[in-house]
Structure formats: structure tokens, C-alpha cells
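What follows is each chain in one-letter form.
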Amino acid sequence: MTGRPRPTEETPPLAILLIVAGMVLITINDSLIKALGGDYPLHQMVFVRSGIGILFSLLILQFEGGFRELRTSTPGLHLLRGLLVVLSNMTYFAALAVMPLADAVALFFIAPLLITLFSALFLKERVGVHRITAILVGFAGVLVMMRPGMGGAGPGDGSERWTVLLPLLAAAAYAAMQVLTRKLGVYSKASALAVYIQGVFLAVSVAFYLVAGDGRFAEGVEEESLVFLLRAWTWPAPGDWPLFIALGIMSGGIGYLLSAAYKMGNAATVSSFEYTALPMAIASGWLVFAEVPDLWVLAGTVLIAGAGIHVFMRERQRRSPIAPRRPLRRG
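Residues numbered from 1 in each chain as written. Predicted model: local features only at pLDDT ≥ 70, side-chain atom pairs only at ≥ 80, totals over all residues. Heavy atoms only, no water.

> Help me understand the nonpolar core, please; the structure alone is not making it clear to me.
Buried together is how nonpolar side chains tend to be arranged in soluble globular proteins. Membership of the largest hydrophobic core comes to 85 residues, with the highest contact counts inside it found for Ile19, Met45, Tyr92, Phe108, Phe109 and Tyr174. In terms of residue count, the dominant contributor to this core is helix H10 (residues 241-264) (11 residues). (Core = buried A, V, L, I, M, F, W, Y, C linked by side-chain atoms within 4.5 Å. Buried < 20%, exposed > 50% of the residue type's maximum accessible area, 1.4 Å probe, protein only. Helix = DSSP H or I, 4+ residues; strand = E, 2+ residues; numbered from the N terminus.)

Given below as C-alpha cells:
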């Protein structure tokens with residue numbers, strides 16, 4: 001590792017504020033991706049948003065120590081973290097192309113429970129009976145939502161179950177990425193972590209363009225999520241450029257806010273505040289895309305969100321993790 005470890009707090013109020021702000025930007029980002037997904041391939045949007053996002057992240061980096069903060073003795077772990085977030089984004093956005101926004105977001109929100117599980121396995125954070133029970137309840141919520149017909153396809157054709165797996169795979173990759181963020185954040189600034197991620201996004205999107213940018217692999221493909229991944233690059237219409245620029249700004253902001261939040265706070269507790277994105281997604285799906293979630297989605301959402309919130313409330317009663325135990329070292 002490069003430099004001395006930077007002590008972190010036990011979930012200070014600032015970490016909570018950052019994660020909630022990140023959820024606001026993610027909701028806007030998801031709506032923009034879904035709006036543009038009918039005309040442009042995912043890897044083209046990733047390229048544009050990451051190109052703008054990395055400039056934003058490099059600007060913040062100058063206020064957090066400059067380019068020297070990019071030096072690291074663990075490039076392999078940073079690459080792994082970047083690949084995990086690329087996998088998470090690709091699978092999640094592919095799901096958004098064919099699923100209602102609220103459905104995809106609700107399924108994805110098994111991630112905070114997975115963060116709790118992974119934190120116990122890899123960070124040795126203590127997980128008691130209440131957390132284990134919450135994880136089981138959360139998975140029950142996923143099963144409720146995975147009823148026949150979910151996923152945007154017709155019942156009985158088998159494709160809806162494959163589509164539903166996309167946000168679940170995204171959640172697993174995201175959870176692993178955030179646990180790794182907690183580990184690497186002891187040594188790296190949040191802006192440096194964001195730059196690493198944006199760099200991996202750019203590299204992967206360029207590789208997609210070189211291999212599939214002409215759209216030849218999309219020919220004859222009927223699955224909408226695969227078409228979204230494989231269709232040819234198209235020069236954006238003048239009216240779409242503001243949306244692409246907004247995507248880039250969202251990307252830079254999301255990368256920084258989430259990295260900072262998980263760097264500062266306890267991973268299992270910070271993740272509980274990600275559930276603020278659920279009502280945001282339901283509202284956005286209803287207001288922007290006229291998508292009204294059915295009772296199965298609402299029931300599964302209540303189980304998943306309730307389980308995660310219970311984890312936080314239990315930890316707050318047991319240890320009062322909101323109050324910092326020691327000041328965060330700045331610089």
C-alpha cells in the first residue's frame with residue numbers, strides 16, 4: 001500500500017449525507033440511461049459519461065492532494081474494484097432497458113444486505129443473529145418479486161427469469177466493490193478511487209467499441225437487453241447532448257460520493273441508507289415513465305428495504321454508530 005493508513009470513523013453524519021446525495025444522483029442517472037437506452041448502445045453511453053466523469057474526478061483530485069494521490073502499490077486491487085463496478089453497471093443498465101425502473105432498483109437493493117454479509121466474511125465486521133435474519137428476509141423479498149411474468153417478458157417464455165438475474169448479479173458485484181472500497185479507502189483518497197473507476201470504465205467501453213461498435217453482433221438478436229449492449233454506436237442527436245453531458249456529471253459525482261461515504265463509514269451501516277433510493281426510483285418511474293409498480297413489487301420492496309433498515313436500527317441501538325469515536329484525519 002502507498003502511504004500510511006488514514007483512520008476512519010464509525011459512520012459519521014457526513015458519510016450518511018454523502019451516501020444519500022449519491023442516491024439522488026443515481027436515481028437521476030438511471031432515468032437518463034433508461035431514457036437514452038432506446039437509441040444508443042450502453043457502452044457508448046458509458047464512454048461519454050466516463051470521459052466527462054474522469055475530468056470531474058481529476059478536478060476534485062487537485063483539491064485532495066494532486067496527482068501524487070494516484071500512486072499505489074496495489075494496482076491489482078484497484079483494477080479488480082474497477083472491473084466489479086463495470087460488471088455491476090453493465091448488468092444493471094441492461095436490466096433497466098427491459099424492466100420497469102422500480103422493479104430493477106428494488107431487486108438491486110439486495111446489495112446492502114450482501115454488503116453486510118461480505119463485510120463479515122472479508123472485513124471481519126461482526127454480524128449477529130439479527131443481521132443474519134435480516135439477510136434471509138431480504139432474500140425472501142427477492143423470491144416474492146421473482147414471480148412468473150416479472151422482467152418485462154411474457155409469462156412462460158423463460159426469458160423473464162434470466163432478465164431478473166441481471167440486477168441480482170449487479171447487486172453482488174456492487175457489494176463486493178464497496179467492501180473493497182472500505183479496504184482500499186484506508187490508504188486512498190475518494191477522488192483517487194473515483195479516477196481509477198472512471199479509467200476502467202473508459203478502457204472497457206473502448207474495448208467494446210473495437211469489438212462490437214459496428215453493431216454486427218446485434219444482428220438477428222431479439223433479446224432487448226442484449227441489443228442494448230451490442231447495437232452500433234450512433235452520433236448523438238443535438239437534443240441528446242445535454243443528457244449525455246448530464247450523465248457525465250452524474251458519473252463523476254456518484255463515483256466520488258460513494259467512494260467517500262464507504263471510505264468514511266462502517267460498510268454495513270452506510271449501506272442501509274442506500275434504501276433512500278427506493279422511493280426515489282418508484283417516484284421517478286411513475287412520473288417520468290408512467291410505470292406503476294404492482295403489489296408483488298411493493299411487497300418484495302417492503303421485505304428487502306425493511307430487512308436492511310432493521311440492520312441499521314439494531315446497530316444504532318446496540319452501538320450508536322452515528323456518533324464518531326474519533327476525529328477523521330484530514331489531508
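> Help me understand the confidence of the model for the protein, please; the structure alone is not making it clear to me.
Any residue range with low pLDDT should be treated as having predicted coordinates unsuitable for detailed reading. Chain-level statistics for the protein give a pLDDT mean of 79 and a share of 84% at 70 or above. Under a pLDDT of 50 for its full length, residues 151-159 has, in the predicted model, 12 contacts with residues more than four places off or in other chains. Under a pLDDT of 50 for its full length, residues 320-331 has, in the predicted model, 32 contacts with residues more than four places off or in other chains. (pLDDT = per-residue confidence, 0-100. Contact = heavy atoms within 4.5 Å.)

> Which parts of the structure should I look at to understand the packing of aromatic side chains?
Note on aromatic pairs: each is described by the distance of the centres and the angle between the planes. Enumeration over the complete set of coordinates arrives at eight aromatic pairs. Considering the side-chain rings of Trp241 and Phe244, the 6.0 Å spacing of their centres and the 55° angle between planes classify their relative orientation as tilted. A residue pair is termed a helical-turn pair when its members lie 3 or 4 positions apart in one helix, as Trp241 and Phe244 do in helix H10 at three residues. Accessibility expressed as a relative area gives 30% for Trp241, which makes it partly exposed. Looking at Phe244, the relative accessible area reads 0%, which means it is buried. Taken together, the ring pairs in this structure connect Tyr40, Trp235, Trp241 and Phe244 into an aromatic cluster. Cation over ring: Lys34 sits above Phe289, and NZ or CZ is 5.7 Å from the ring centre. (Phe/Tyr/Trp six-rings, centres within 6.5 Å; stacked < 30°, edge-to-face > 60°. Lys NZ or Arg CZ within 6 Å of the ring centre and 35° of its normal.)

> Even after reading the chapter, I still don't get the environment of Leu202, so can you show me in this structure?
With respect to the element layout, Leu202 can be found in helix H8 (residues 190-212). Remark: the alpha-carbon pair of Leu202 and Val48, spanning 154 residues in sequence, is separated by 8.5 Å. Other than its neighbours up to four places away in sequence, Leu202 contacts Phe47, Ser50, Gly51 and Ile54.

> It is not clear to me how a nonpolar patch on the surface should be interpreted in this structure. Could you clarify?
A cluster of nonpolar side chains, namely Phe47, Val206, Tyr209, Leu210, Val211 and Phe217, defines an oily patch on the protein surface of about 560 Å² accessible area. The greatest single-element share of the nonpolar patch, amounting to four residues, is contributed by H8. Summarising the element assignment, Phe217 is placed in the loop between H8 and helix H9 (224-230). (Patch = residues over 30% accessible without salt bridge, like charges linked within 9 Å, V, L, I, M, F, W, Y side chains within 5 Å. Areas by Shrake-Rupley, 256 points an atom, 1.4 Å probe, with all protein chains shown as cover. Salt bridge = Lys/Arg side-chain N within 4 Å of Asp/Glu carboxyl O.)

> Would you mind going over empty space enclosed by the protein with me for this structure?
The probe, sized like a water molecule, is rolled over the atoms to show the empty space still left. Within the structure shown, the criterion is met by one cavity of 30 Å³ or more. What the largest cavity holds in volume is close to 420 Å³. Contributing to the lining of the largest cavity are 30 residues, with Ile26, Asn89, Tyr174, Ile254 and Leu258 lying nearest its centre. At the level of secondary structure, the elements contributing two or more residues to the lining of the largest cavity comprise helix H1 (13-36), helix H3 (75-96), helix H4 (101-108), helix H7 (159-184), H8, H10 and helix H12 (277-289). Sort the elements by how many residues they give to the lining of the largest cavity and H3 lands first, with six residues. Class assignment of the residues belonging to the lining of the largest cavity gives a composition of 17 nonpolar, nine polar and four charged. (1 Å grid on protein atoms, 1.4 Å probe; cavity = no way out; pocket = protein on both sides within 12 Å on 5 of 7 lines; lining within 4 Å. Points joined across faces, edges and corners; volume = space filled by probe spheres on them. Nonpolar A, V, L, I, M, F, W, Y, C, P; charged D, E, K, R; others polar.)

> I keep staring at the pattern of salt bridges and nothing clicks. Help me out?
Two side chains that carry opposite charge are able to pair once their charged atoms sit near each other. This model, assessed by the stated rule, comprises three salt bridges. Between Lys34 and Glu291 there is a salt bridge whose closest N-O contact spans 3.5 Å. Taken together, the residues Lys34 in helix H1 and Glu291 in the loop between H12 and helix H13 (295-319) connect sequence positions 257 residues apart. A residue is classified by how much of its surface remains accessible, and Lys34, at 17% relative accessible area, is buried. Across the pair Asp214 and Arg216 runs a salt bridge whose closest N-O atoms are separated by 2.7 Å. Residue classification places Arg216 among the partly exposed positions, given a relative accessible area of 40%.

> Hey, could you run me through the packing of helix H5 (residues 111-122) against helix H6 (residues 129-145) in this one?
Helices that pack against each other are described as a pair by the angle of their axes relative to one another and the distance between those axes. Relative to each other, H5 and H6 sit at 145°, their axes nearing to 10 Å. Note that H5 runs across H6; the crossing there is left-handed. The residues of H6 that touch H5, namely those facing Leu113, Leu114, Thr116 and Leu117, are Arg131, Ala134, Ile135, Gly138 and Phe139. Its residues assigned to classes, the contact of H5 with H6 shows six nonpolar, two polar and one charged. (Axes fitted to C-alpha atoms, helices over the stretch in contact; angles between N-to-C directions. Left-handed = near helix turned anticlockwise from the far one by under 90°.)

> Explain the side chain of Glu291 to me, please; I cannot follow it from the model alone.
Judged by relative accessible area, which is 18%, Glu291 ranks as buried. The contact partners of Glu291, leaving out residues within four places of it in the chain, are Lys34, Met99, Pro100, Leu101, Ala102, Gly285 and Trp286.

> Sorry, what's going on with the packing of H1 against H3 here?
The N-to-C vectors of H1 and H3 enclose an angle of 60°; their axes lie 9 Å apart at closest approach. Viewed along their axes, H1 and H3 adopt a mutual orientation that is oblique. Considering the relative orientation of H1 and H3, their crossing is right-handed. Contact residues: Asn29, Asp30, Ile33 and Lys34 in H1; Tyr92, Phe93 and Leu96 in H3. (Parallel < 35°, antiparallel > 145°, perpendicular 65-115°, else oblique.)

> What is the right way to read unusual backbone geometry from this model?
As a rule of thumb, non-glycine residues mostly have phi less than zero, and peptide bonds are mostly trans rather than cis. Within the chain, Ala290 stands out as a residue other than glycine whose phi angle is a positive 55°. Counting through the fold element by element, Ala290 comes out in the loop between H12 and H13. A relative accessible area of 64% means that Ala290 is categorised as exposed.

> Looking at this structure, how should I read H5?
Helical geometry: 3.6 residues make up each α-helical turn, so side chains three or four residues apart lie on a common side. Along its 12 residues, H5 runs 15 Å from first to last C-alpha, staying within 8% of the 16 Å computed at 1.5 Å per residue. Among the residues of H5, those classed as buried are Ala111, Pro112, Leu113, Leu114, Ile115, Thr116, Phe118 and Ser119. Lys124 lies just past H5 and shows a positive phi near 60°. (Expected span 1.5 Å × (residues − 1).)

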